[in-house]
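Residue-level structural notes
So you can see what is in the structure, the chains are spelled out below.
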Amino acid sequence: MNLKDYKSSGILELYVSGALSPEEHAEVESLISKYPELAVEVEEIENALANFSLAFSKEPPRDIKENILAEIDILEKDSASQEAKVVALSSTSSPLVKYSVAASVALLLLGNFYFYNQWRSTEKQLAGLVNQNYKLAQNYDLIKATYEKTQHDFTIATANSFKQIEMQGLPLYPSGKARVFWNEKSQETYVLAVDLPKPEYNKQFQLWAIVDGKPVDAGVFDFENKSGELLKMNNITGAQAFAVTIEPKGGSINPSMDQMVVFSKI
Amino acid sequence: MKQSILSEEVLVDLLFKRERQAITYLYDHYKAALYGVLYRIVPDEDEALDLLQDTFVKIWKNFDQYDPTKGRLYTWMVNVARNLAIDKLRSKDFNNNSKNQPIDNVVNVLDSSKNYSINPDTIGLKEMMAKLSPEQISIIDLLYYQGYTQVEVAEELNIPLGTVKTRARLAISILRKEFDKEKV
């Protein structure tokens, strides 16, 4: 069996996502148990997706810790009392029964005491952890703002209402790449710089929309804006194409055609 | 998580020993991560909260099924959460008009409460977003968070069935590369 081809097919990615039919799923599962190499691959896929999911962290609206602990306590108590019951039931009417009953009662009482003590020590630890969390939270204010922006960008990137227009590099900068996210209805426009050259210190990038054959200013932006961030630009109607030029700081009224770095069509 | 107060080994050990403080620790440190995953799949606060409770209880209950040699604790927990949520998603009436829901829900996620907690391990997300095409983001979203099957993804994105696999592999391989970079 050619494991390399099997992995390249992407079937393991579907398996991890749970997107296969029950038969296909079972088939892949048996192959994984047969070939450790596949198990390693599956683990790496799972880790990557799990890591990705951390980005969507969201504080629960309510604290349900007590609910969880209460439910766990019931589970533990049930299993403890099951054992006690077995002790009681397994004997017939003999002095042993009396001892068994006493033992199970003692076990339950002990259990309650145990959980009570656990609860108290947990409360103390909780206070310590809450304090630590508070300090961590303070340090993360900047990161939080960054994160919220990223969430916002993700929303735009996945929304149907936003058209995505790729801009390709021109001879001035052949590897150039940028993307415009344009909402035709609301006219909102964002630009994402993927690969643009660093302009001189007194220059900036300017985004243009071609409307009715004429260039319309969509705003300026800087190289320092890190790649991966969507930059909000001017609202635009009726764009036929987009382009980015290098202009003096503050932008120009008309685009410098020889300073065009990327260009697209709708 | 790099800044854990308890190392993963210690935490796992405590959980195997059924130490109650371990589940408390898990809750404090992972409630936001797991709630986020659950809410992404079932975008209803109350449902997601129920699922969060179910998730932690199930983690506790089934902990003897966790095999540390087979993967990270967090990955296992995310799987528990995801499976519960996708079961819920498939069982309810969600699916009757849900084919358009996922994309709309992405917008709703932003509009509703902004109680996002932060995780520094994910700062690389920005760089990752630039490297993924919109279709790649959709594929991961539909497959992993919306419980779509191969066929449903092909229909939704209007691509041939055979290419769903290969595009998913490419998208996830980009994630893997980015995360490997961070490890160094």
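Residues numbered from 1 in each chain as written. Chains lettered and ligands numbered in written order. Predicted model: local features only at pLDDT ≥ 70, side-chain atom pairs only at ≥ 80, totals over all residues. Heavy atoms only, no water.

For chain B, the count of helices and strands is nine helices and zero strands. Tracing chain B from N to C terminus, the helices and strands come up as α-α-α-α-α-α-α-α-α. For chain B, the share of sequence-separated contacts (at least 6 apart) that also reach a separation of at least 24 residues comes to 64%. Total accessible area computed for chain B in this model is approximately 8,000 Å², and 49% of it derives from carbon and sulfur atoms. (Helix = DSSP H or I, 4+ residues; strand = E, 2+ residues; numbered from the N terminus. Contact = heavy atoms within 4.5 Å. Areas by Shrake-Rupley, 256 points an atom, 1.4 Å probe, with all protein chains shown as cover.)

Quick look at the overall build of chain A now. When helices and strands are counted, chain A shows seven helices and eight strands. Every one of the 266 residues in chain A was classed for burial, and the buried ones make up 41%. For chain A, long-range pairs separated by at least 24 residues make up 58% of all intrachain contacts whose partners lie at least 6 apart in sequence. Accessible surface, chain A as shown: approximately 14,400 Å² in total, 58% of it carbon and sulfur. (Buried < 20%, exposed > 50% of the residue type's maximum accessible area, 1.4 Å probe, protein only.)

Quick look at the sheet that holds strand β2 (residues 177–182) of chain A now. Residues and elements named next belong to chain A. Taking strand neighbours across the sheet as the criterion, the eight strands line up as β5-β4-β7-β8-β1-β2-β3-β6 in an open arrangement whose pairing is antiparallel. At either margin of the open sheet sits one strand with a lone partner, and together these are β5 (214–221) and β6 (230–233). Within the sheet, the average angular offset between the axes of one strand and its neighbour, ignoring direction, is 30 degrees. Pairing geometry for strand β4 (residues 203–211) and strand β7 (residues 241–248), over eight bridges, is antiparallel. When the bridges of β7 are listed, A209 appears paired with F242. (Pairing = 2+ DSSP bridges. Axes fitted to C-alpha atoms, helices over the stretch in contact; angles between N-to-C directions.)

Residue and element names in this part refer to chain A. Inspection of the entire model under this criterion finds 19 salt bridges over all chains. One salt bridge in this structure joins E37 and K7, with 3.1 Å as the shortest N-O distance. Within this pair, whereas E37 is found in helix α4 (residues 36–53), its partner K7 is found in helix α1 (residues 3–8), the two being separated by 30 residues in sequence. The exposure class assigned to K7 is buried, which follows from its relative accessible area of 15%. Here K203 ties to E200 by a salt bridge, and the two come within 4.0 Å at their closest N and O atoms. You can call K203 partly exposed: its relative accessible area is 24%. (Salt bridge = Lys/Arg side-chain N within 4 Å of Asp/Glu carboxyl O.)

Moving on, we come to unusual backbone geometry. A positive phi angle is found at A:Q187, which is not glycine, with a value near 70 degrees. Secondary-structure assignment places A:Q187 in the loop between β2 and β3 (189–195). A residue is classified by how much of its surface remains accessible, and A:Q187, at 28% relative accessible area, is partly exposed. Backbone geometry places B:R18, a non-glycine residue, at a positive phi of 60 degrees. Topologically, B:R18 is positioned in the loop between α1 (8–16) and α2 (20–41).

For soluble globular proteins, nonpolar side chains are generally found buried alongside one another. With 93 residues, the main nonpolar core has A:L12, B:L26, B:L34, B:I59, B:L73, B:Y74 and B:M77 as its most contacted residues. Those residues within four positions of B:M77 in sequence are excluded, and the remaining contacts are B:L26, B:Y30, B:L34, B:T55 and B:I59. Listed in part, the 23 residues of the second largest apolar core include A:V191, A:L196, A:F205 and A:V261. (Core = buried A, V, L, I, M, F, W, Y, C linked by side-chain atoms within 4.5 Å.)

With that settled, consider the layout of surface pockets. In this structure, the largest pocket spans a volume of roughly 1,000 Å³. In this structure, the largest pocket is lined by 34 residues; those nearest its centre are A:Y15, A:E29, A:E46, B:N79 and B:N83. Split into classes, the residues belonging to the lining of the largest pocket amount to twelve nonpolar, twelve polar and ten charged. (1 Å grid on protein atoms, 1.4 Å probe; cavity = no way out; pocket = protein on both sides within 12 Å on 5 of 7 lines; lining within 4 Å. Points joined across faces, edges and corners; volume = space filled by probe spheres on them. Nonpolar A, V, L, I, M, F, W, Y, C, P; charged D, E, K, R; others polar.)

Interpretation note: all reported values are geometric properties and have no functional meaning in isolation.
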